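What the coordinates show
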Amino acid sequence: MDLPKIIVEKELAEKGVKIVLGVDEVGRGPLAGPVVAAAAWVNPLFLEKDFEKRNLVRDSKKLSEKQRAEICEYILKSDDFVIGIGEVSHRTVDKINILNASLLAMKIAVEDVMEKFDQTNHFSKQTENLKSCLLVDGNREIPKMKMKQRLFSKGDARIFSIAAASICAKVYRDELMQEYHKKQPRFGFDTHKGYGTKKHMDALQKVGLCQIHRKSFGPVKDLLTEALKP
């Protein structure tokens, strides 16, 4: 299995870029729940030394739920990582569309990391005085960001810090959907996490929608339209 590379992070560090953040989002496709993004900073020294732990980090889609949870726990407890989370609700998804909501979640995640930097001693200078760069999964820059950005198609499979972000975002969102399942067990959010599986679609037809469904998404929108027919 090919593992995410650390080439880009190393090149930027060698050029004096102190803050390199990998950014990724999860939850664009589901019919319910929020879209979540994570931004991940990795200590360049960790990238050089800890090969065993480094090789655990890969595209979140290639890991089991248990593996993601274990790796995420390691990342969050390690001083060699700083993780920021951005969460945008289903209501906002309906208001501004899923693309804009995903980019907003990324922006919030980056801001969260920067706030955490200011509360720690990772850097001797204020972060606003340091060179920075965002490594963003996808083909759209995050709007209204002063930092330089580089875009990577399938970045979660190619770039180490993006892969770390993808794992943390996925685990965070899955845990949210587990909590929603406790409130709405009839939909099976604990298994499909809001995606349009047969189980989910069958529940929508039998039960209708609940408060976290995205009303602008096709199957949910069609159900609402059908309900309004005389």
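Values in this document were obtained by computation on a predicted structure and should not be read as measured data. (Residues numbered from 1 in each chain as written. Predicted model: local features only at pLDDT ≥ 70, side-chain atom pairs only at ≥ 80, totals over all residues. Heavy atoms only, no water.)

Moving on: the nonpolar core. Counting residues in hydrophobic clusters, the biggest one holds 63 residues, and the most contacted among them are Leu21, Val110 and Leu134. Ranked by residue count, the leading element in this core is helix H8 (residues 160–183), at eleven residues. In this view, valine 110 contacts Leu21, Val23, Ala39, Leu134, Ile142, Met145 and Met147; residues no more than four positions away in its chain are not counted. If you look at the next biggest cluster of nonpolar residues, it comprises nine residues, including Val17, Leu135, Phe152 and Ile162. (Core = buried A, V, L, I, M, F, W, Y, C linked by side-chain atoms within 4.5 Å. Buried < 20%, exposed > 50% of the residue type's maximum accessible area, 1.4 Å probe, protein only. Helix = DSSP H or I, 4+ residues; strand = E, 2+ residues; numbered from the N terminus. Contact = heavy atoms within 4.5 Å.)

All right, on to a nonpolar patch on the surface then. Together, Ile96, Leu104 and Ile108 make up a nonpolar patch on the protein surface, roughly 180 Å² of accessible area in all. Within the secondary structure, isoleucine 108 sits in helix H6 (residues 98–118). Judged by its relative accessible area of 30%, isoleucine 108 is partly exposed. (Patch = residues over 30% accessible without salt bridge, like charges linked within 9 Å, V, L, I, M, F, W, Y side chains within 5 Å. Areas by Shrake-Rupley, 256 points an atom, 1.4 Å probe, with all protein chains shown as cover. Salt bridge = Lys/Arg side-chain N within 4 Å of Asp/Glu carboxyl O.)

What follows concerns the pattern of salt bridges. Scanning all chains against the criterion turns up nine salt bridges. Among the ionic pairs, arginine 68 bridges to aspartate 174, the shortest N-O distance being 3.7 Å. Here the residue arginine 68 occupies a position in helix H4 (residues 65–77), and aspartate 174 occupies one in helix H8, the gap between them amounting to 106 residues. Residues arginine 68 and aspartate 174 agree in their burial class; the two are buried. Note that lysine 107 and glutamate 111 form a salt bridge whose closest N and O atoms lie 2.5 Å from each other. In this pair, lysine 107 and glutamate 111 both sit in helix H6, four residues apart, roughly one turn of the helix. Look at the salt bridges and you will find they share partners, linking Arg68, Lys170 and Asp174 into a network.

Once that is clear, we can look at the packing of aromatic side chains. Counted by the stated rule, this structure contains four aromatic pairs. Considering the side-chain rings of tryptophan 41 and phenylalanine 117, the 5.6 Å spacing of their centres and the 90° angle between planes classify their relative orientation as edge-to-face. On the criterion of sequence distance, the pair formed by tryptophan 41 in strand E2 (residues 35–42) and phenylalanine 117 in helix H6 is long-range, its members being 76 residues apart. There is no split in this pair, since tryptophan 41 and phenylalanine 117 are both buried. Feature note: the residues Tyr74, Phe81 and Phe160 constitute an aromatic cluster, connected by ring pairs. (Phe/Tyr/Trp six-rings, centres within 6.5 Å; stacked < 30°, edge-to-face > 60°.)

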